[in-house]
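The primary structure of each chain is shown beneath.
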Amino acid sequence: MDFNSLHGPGESNFSSSSPLSAAQALENLKKSPTRCVSTGLRDLDALLQNRDPRTILDGESFYGGVSRGKVTEIYGPSGVGKTALGMQIAASALHAGGEVMWTDAAHPLPGPRFSQILASHKLTTEPEPPSSPANAPHLPDILSNLTHISIPTLAHLIAFLQTTPTHPPPKTSLLIIDSFSTLINNAFPRHSDSNSTPRKPGQPNPSARKFPILQFIVNTLHSLAATHNLAVVVISQCVTKMRPGRGATLVPTINTPAWEQGLGTRVVLFRDWGWNDDNGDPVTDVRLAEVLKAEGIAPSSPRIAGFSITSNGITHLSLPTLPKPQANNTSPLKQVITVFSSPSLPRPPKRKLRETDLDEIPDSEAEGDEDYGWDDGDEEEMPAMPPQWQGSEDILVPVPGELEADDMDEREGEEEDKNLKGEQGEKNDEVIVDRKEDKKHLPAEIVDSEDEADELAL
């Protein structure tokens, strides 16, 4: 097995009479039909090669998709279409004449569904219609290039990745590992009491081996893809993680830095509620694929491609385009909201009371009731209380004349209190006066007691 049998004839093997620049060689390499494996979606193929799908001209022979020689991860929640996308990629590789190795870690490959996808597959990278049905390859011949293996444990996967002269087969162009995260979770289960239970000194920690094993696996996958020129696609699940300020978010199950650095491409799949097309018809069964990393580079802006899943595989779905609002077409309601919600508008300064037009404070004693539509004669014109009000309302409403009697009683009580206070004040004055008079009639010896004390001291 030599280099040319794996990678094809090199661009450096040219004669001196026809020189080829490095830029031209790189351009020819990008246009090579064997450089990538198509996903079945033209927009997603372009995004995986860091190219805008809108720049691809009609009739242009563009070959994009999952790059060979690199590791690609596809993750997302359950039922979003990860296995369906993997089967579409495998169908593209098989129809292109390559061999595919499919490894199952959680559930077996659905054979009838995969056969239906192979039968109805159409290469999206061909600008012209495919060959006639008479010359098209038969389904048994295509399935002969598929190798299906079930891997129950992580140890079986590590043993499977060891290369031999006959493994992988020479024409293998794609390796798919379905539900790789299941093997990791089974090998390193997460217990609720693992953090709360203290570990004895010197006791081995099984979770400490997880990161070195992941580092070894991603390096092995990268070496396998590069040396055998095949595309490695790893399908994983996602978990819910609580992040401060963002709440619950979906993250990949394997999110260690060593694993992420070994990936050349990363794609996340999720679902959407749908929308209405230009004719007003509802668009349902919407799946979205966002490219988080392509060719080792994280894009600066979101790159999303839409698709839907049918009985014949996945089909392209055009995303809705929102018109950009213009200044002259802004609705009056939006203008009002913009004016009142703009933080740049200055607030008017506060004014003092004497600078205003208010001559007096409202509801003051000098203000009459006629200013509020209430005259003195309105009280006499009020209707009498209906006789059926015989409940607790009678207690709340006093009998006519009762309030005046209560006022008289309160006034008499106040006068009695004043009289009592006056009598007590007179008695206190009499006591003070009597004390002063008693002090005047005291004997002189007692009054001059201080002088006598001074003479005795001398």
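As shown above, the structure is provided for reference.
Model, not experiment: these values are computed from the prediction.

Asker: Sorry if this is basic, but what is going on with the sheet that holds strand β5 (residues 146–150) here?
Answerer: What holds strands together in a sheet is hydrogen bonding between their backbones, with the strands either parallel or antiparallel. On the basis of which strands lie adjacent, the open sheet formed by 9 strands has the order β5-β4-β6-β7-β3-β10-β13-β14-β15 and mixed pairing. Looking along the sheet, the strands with just one partner apiece sit at the ends: β5 and β15 (313–317). The average angle at which neighbouring strand axes cross in this sheet is 25°, direction not considered. Here 6 bridges tie strand β4 (residues 99–104) to strand β6 (residues 172–178), and the two strands are oriented parallel to one another. Following the sheet pairing, valine 100 is matched in β6 by leucine 174. In the packing of helix α8 (residues 180–187) onto the sheet, the strands contacted are β6 and β7 (231–236), and the crossing angle to β7 comes to about 60°.

Asker: Mind showing me how you'd approach the environment of glycine 69 here?
Answerer: Relative to the assigned elements, glycine 69 resides in the loop between β2 (66–67) and β3 (71–75). The sequence separation of glycine 69 and leucine 221 amounts to 152 residues, and the corresponding C-alpha distance is 9.6 Å. Not counting the four nearest positions on each side in its chain, glycine 69 is found in contact with Ala225, Ala226, Asn229, Leu230 and Ala231.

Asker: Looking at this model, I keep getting lost on unusual backbone geometry. Mind explaining?
Answerer: What you tend to see is this: most non-glycine residues have negative phi, and most peptide bonds are trans. Histidine 167 connects to proline 168 through a cis peptide bond whose omega is 0°. Assignment of secondary structure puts proline 168 in the loop between α7 (154–160) and β6. Here the phi dihedral of asparagine 229 falls at roughly 55°; this positive angle occurs in a residue that is not glycine. Counting through the fold element by element, asparagine 229 comes out in the loop between α9 (210–228) and β7. Phi at aspartate 285 is positive, roughly 55°, even though this residue is not glycine. Turning to its location among the elements, aspartate 285 is positioned in the loop between β12 (282–283) and β13 (286–293). What makes aspartate 285 partly exposed here is its relative accessible area of 27%.

Asker: What is the right way to look at the pairing of strand β8 (residues 238–243) in this model?
Answerer: Regular strands show a simple pattern: their side chains alternate between the two faces of the sheet. Here β8 pairs with strand β9 (residues 247–252) via 6 bridges, running antiparallel. Bridged to lysine 241 within β9 is threonine 249. Following β8, the chain reverses through 3 residues before pairing antiparallel with β9; glycine 245 in that reversal takes a positive phi of roughly 85°.

Asker: How should helix α4 (residues 82–95) be read in this particular structure?
Answerer: Since the α-helix packs 3.6 residues into each turn, any two residues three or four apart lie on the same face. Spanning 14 residues, α4 covers 20 Å between terminal C-alpha atoms, matching the ideal 20 Å at 1.5 Å per step. Counting buried positions along α4 gives 13 out of 14 residues, so the element sits mostly inside the fold. Within two residues after α4, glycine 97 carries a phi angle of roughly 100°, on the positive side.

Analysis parameters
- Residues numbered from 1 in each chain as written.
- Predicted model: local features only at pLDDT ≥ 70, side-chain atom pairs only at ≥ 80, totals over all residues.
- Heavy atoms only, no water.
- Pairing = 2+ DSSP bridges.
- Helix = DSSP H or I, 4+ residues; strand = E, 2+ residues; numbered from the N terminus.
- Axes fitted to C-alpha atoms, helices over the stretch in contact; angles between N-to-C directions.
- Contact = heavy atoms within 4.5 Å.
- Buried < 20%, exposed > 50% of the residue type's maximum accessible area, 1.4 Å probe, protein only.
- Expected span 1.5 Å × (residues − 1).

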